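Topology and contacts: notes
So the chains spell out like this:
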Amino acid sequence: MDLNVFQELTEQITLECFFMTDSQQEEKVIQLIDLHHFIECYNPDIKIINNIHHSVNIIEENNIKNGILFYDLKHSSSLDLYHCEAFKQQHQLQEMWFVFVEEDHRINTNHRIDFIIENSLEIFYDRLFIFNFFQSTIKQLK
């Protein structure tokens, strides 16, 4: 990510998310960095519609609005899957994407599979991805 883009994002978060704690703002910066890098790797033509006020990022690909949730198995909290479905309907999204963000390739595959099954991700999300941030690789699971 370009340093100027990063600076613009952090300034935008500081201005628009003044009500958030420092920790929440830091999480938001990480979310936006993940989003921008994912788009660079997946499809640079994707347009970002809304990424500040929700944990789900709203994007547009080929004139279709989708939502993307980034999740790090090491650091993220529990999921509210019913909120996911309501968010999809409220924002008139065609699809919801779930993206595991990983920093290395040594993540236990069984842990990820167990998480998918325990949280019924295949029911609530239209696409599932593994995004290795530092290797800039994306693997679609569904």
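Refer to the structure printed above.
Below is a summary of the structure that appears in this document. (Residues numbered from 1 in each chain as written. Predicted model: local features only at pLDDT ≥ 70, side-chain atom pairs only at ≥ 80, totals over all residues. Heavy atoms only, no water.)

**Digging into unusual backbone geometry**
Note on backbone geometry: most residues besides glycine have negative phi, and most peptide bonds are trans. Our working rule: Numbering of helices and strands starts at the N terminus; helices are DSSP runs of H or I of at least 4 residues and strands are runs of E of at least 2. We call a residue buried when its accessible area falls under 20% of the maximum for its residue type, exposed when it is over 50%, and partly exposed in between, using a 1.4 Å probe and counting protein chains only.
Of note, the phi angle at Asn-63 is positive, near 65°, even though the residue is not glycine. Considering the arrangement of structural elements, one finds Asn-63 in the loop between strand S2 (56-61) and strand S3 (64-71). A relative accessible area of 69% places Asn-63 in the exposed class. Positioned with a positive phi, Ser-136 is a non-glycine residue whose angle comes to about 55°. Examined against the element boundaries, Ser-136 turns out to sit in the loop between strand S5 (127-132) and strand S6 (137-140).

**Digging into the pairing of S5**
Looking along a regular strand, one sees the side chains alternate between the two faces of the sheet. Note the threshold: Strand pairing is defined by DSSP finding a minimum of two bridges between the two strands.
Most of S5 is tucked away, with six of its six residues classed as buried. Of the two faces of S5, the one lined by Arg-127, Phe-129 and Phe-131 and the one lined by Leu-128, Ile-130 and Asn-132 are each fully buried. Here S5 pairs with S6 via four bridges, running antiparallel. Looking across to S6, one finds that Phe-129 is bridged to Gln-140. Between S5 and S6, which pair antiparallel and follow one another directly, the connecting turn spans four residues, one of which, Ser-136, has a positive phi of 55°.

**Observations concerning the sheet that holds S3**
Put simply, the test is: Here the axes come from fitting lines to C-alpha atoms, over the contacting stretch only for helices, and the angles between their N-to-C directions go from 0 to 180 degrees. The contact rule is simple, with two residues in contact once any of their heavy atoms fall within 4.5 Å.
One open sheet accounts for six strands, arranged S1-S2-S3-S4-S5-S6; its pairing is mixed. With one partner strand each, in any of the chains shown, strand S1 (47-50) and S6 form the two edges of the open sheet. Averaged over all pairs of adjacent strands, the angle between strand axes in this sheet comes to 30°, irrespective of strand direction. Against the sheet, helix H4 (residues 109-118) makes contact with S3, strand S4 (95-102) and S5, and its axis sits at roughly 150° relative to S4, the strand it touches most.

**Quick word on H4**
The condition is simple: Note: the arc covers the axis-to-C-beta directions of the helix.
Of the residues making up H4, those classed as buried are Arg-112, Phe-115 and Ile-116. Taken around the axis of H4, the buried residues stretch over an arc of 100°, which confines them to a single face. Opposite the buried face of H4, by more than 90 degrees, sit the exposed residues Asn-110, Ile-117 and Glu-118. Where H4 is buried, its residues contact S3, S4, helix H5 (121-124) and S5. One or two steps after H4, the chain reaches Ser-120, where phi turns positive at roughly 50°.

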